[in-house]
Amino acid sequence: MTINSGTSDFSRLAINSATTKKWTLAQVVDGCVNAGIPSIGPWRDRVEEAGLDKAARLIKDAGLRVSSLCRGGFLTAADPEGQAAALADNRAAILEAVALDTKELFLVVGGLAPGEKDVVAARRRVADRLADLVPFAAEQGVRLVLEPLHPMYAADRALISTLGQALDLAAPFDASTVGVAVDTFHVWWDPELKAQIERAGRENRIASYQVCDFNMPIAADPLLSRGYMGDGVVDFATIGTWVRDAGYTGDIEVEIFNQDIWDTDGNTVLATVKERYAELVLPFA
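Here the structure is a predicted model, which means the values were calculated and not measured. Every chain begins its residue count from 1, and numbering advances along the sequence as written. Totals for whole chains, interfaces and linings use all residues, but because this is a predicted model, local features are given only for residues with pLDDT of at least 70 and pairs of side-chain atoms are given and counted only at 80 or more. Excluded from the side-chain calculations are hydrogens and water; all other atoms, namely the structure's heavy atoms, are used.

Colleague: I keep staring at the overall build of the protein chain and nothing clicks. Help me out?
Modeller: Strands here mean DSSP runs of E at least two residues long; helices mean DSSP runs of H or I at least four residues long; both are numbered from the N terminus. Along its length, the protein chain carries 11 helices and 13 strands. What you see for the protein chain is a C-alpha radius of gyration of 18 Å, in line with the 19 Å of a compact globule of 285 residues. In terms of overall dimensions, the protein chain has a C-alpha envelope of 55 × 45 × 40 Å along the principal axes. Partly exposed describes any residue whose relative accessible area lies between the buried limit of under 20% and the exposed limit of over 50%, with all areas from a 1.4 Å probe on protein chains only and scaled to the type maximum. Among the 285 residues that make up the protein chain, the fraction classed as buried is 56%. Every residue pair with non-hydrogen atoms within 4.5 Å of one another is taken to be in contact. Within the protein chain, contacts between residues at least 6 apart in sequence are counted, and of these 80% link residues at least 24 apart. The globule rule used for comparison is 2.2 Å times the number of residues to the exponent 0.38, while the radius of gyration itself is calculated over C-alpha atoms.

Colleague: What am I meant to see in the environment of Trp 43 here?
Modeller: Structurally, Trp 43 is set in the loop between β4 (39-41) and α2 (44-50). C-alpha separation for the pair Trp 43 and Ala 18, spaced 25 residues apart in sequence, amounts to 6.9 Å. Those residues in contact with Trp 43 that lie beyond four places of it in its chain are Asn 16, Ser 17, Ala 18, Leu 69, Cys 70, Arg 71, Glu 255 and Phe 257. Within the local environment of Trp 43, its side chain forms a polar contact with the side chain of Asn 16, the two groups lying 2.9 Å apart. The definition of a polar contact used here is a pair of N or O atoms within 3.5 Å, where within protein one atom must be able to donate a hydrogen and the other to accept one, and adjacent residues in sequence count solely through side-chain atom pairs.

Colleague: Teacher, can you tell me more about the nonpolar core here?
Modeller: Buried together is how nonpolar side chains tend to be arranged in soluble globular proteins. Each nonpolar core is a collection of buried residues, namely Ala, Val, Leu, Ile, Met, Phe, Trp, Tyr and Cys, held together in the definition by side-chain atoms within 4.5 Å. Judged by nonpolar contacts, the single largest core of 76 residues is most densely connected at Leu 130, Leu 144, Leu 146 and Ile 197. Setting aside chain neighbours within four positions, we find Ile 197 in contact with Leu 163, Val 182, Ile 206, Ile 239, Trp 242, Val 243 and Ala 246. Counting residues in each nonpolar core, the second largest holds 10 residues, with Phe 106, Ala 181, Leu 224 and Trp 262 among its members.

Colleague: What is the right way to read the sheet that holds strand β9 (residues 178-183) from this model?
Modeller: Paired through their backbone hydrogen bonds, the strands of a sheet run either parallel or antiparallel. Here, strands pair whenever DSSP counts at least two bridges between them. What the nine strands build is an open sheet, ordered β5-β4-β3-β13-β10-β9-β8-β7-β6; its pairing is parallel. The sheet is open, and its two edges are formed by β5 (65-66) and β6 (69-73), each paired on a single side. Alignment of β9 against strand β10 (residues 206-211), held across four bridges, turns out to be parallel. When the sheet's bridge partners are listed, Ala 181 is paired in β10 with Ser 208. Against the sheet, helix α6 (residues 163-170) makes contact with β8 (143-146) and β9, and its axis sits at roughly 170° relative to β9, the strand it touches most. Lines fitted to C-alpha atoms define the axes here, with helix axes fitted over just the stretch in contact, and angles between the N-to-C directions of these axes take values from 0 to 180 degrees.

Colleague: Sorry if this is basic, but what is going on with the pattern of salt bridges here?
Modeller: For side chains of opposite charge, pairing can occur when their charged atoms come near one another. In what follows, salt bridge is the name for a side-chain nitrogen of Lys or Arg lying within 4 Å of a carboxyl oxygen of Asp or Glu. Scanning the entire structure with this criterion turns up 16 salt bridges. The shortest N-O distance in the salt bridge between Arg 205 and Glu 203 comes to 3.5 Å. Here Arg 276 ties to Asp 231 by a salt bridge, and the two come within 2.9 Å at their closest N and O atoms. Within this pair, whereas Arg 276 is found in helix α11 (residues 266-281), its partner Asp 231 is found in the loop between β12 (226-227) and α9 (236-245), the two being separated by 45 residues in sequence. Here Asp 231 falls in the partly exposed class, since its relative accessible area comes to 41%. Because the salt bridges share partners, they merge into one network encompassing Asp 168, Arg 199, Glu 203 and Arg 205.

Written out as structure tokens, the structure reads:
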């Protein structure tokens, strides 16, 4: 499915359902179809609301691709019960990815366990749980996508903060089973980013390129500091060129957490996303 509008090619543009948070999955699907956006990255909560079978039919019948499924992960539990629950949830997410016809399942690896301060031990548990999950993911044809998050989220959400850390964690496994995400919000600041994107390209591990901006000042809830491309400090031309030169040709997914954007009419949001994508992302993709 190739969609063009004017001189801009939107055939690689994907909308993560978090960008239009107040919309149901059906509304996101309709919005993408009406806007000429060919790919969607649903969150599992929206899939659960719709029901997995219905969600898969909605997306397929609309002729949309599924760029990724968000998310699994949270692998740092220190107790056996918590570890078992995390593995069960991630195996369920892998099967959901299969049902939705996407190979890419995002993992946010998790932060410190309650009361914990031993970062080294927590990261070791991530590696151990990833090793537990990989055989099942491989059997199902799903790639686990490690997403490094900005360091301000290390304590509670992701003890992996750099692309290099994600690649090191992925290294023991085949690239078809464990990949990495390049999310501009999370990695724009990294002085090693160019080298690590080049490494990810050589290792064939770039599973997703997500774009949004890093707004200043940081919001009171730092989860909501993302913005439309062009509203913050991210250099999309430079990062996009690095990702392109590393050989990535897949979907480019827009994922924005921002209360003002969530409160805006979803169709207006998608129109703005398309304008910013065409201006700031597409020329370097």
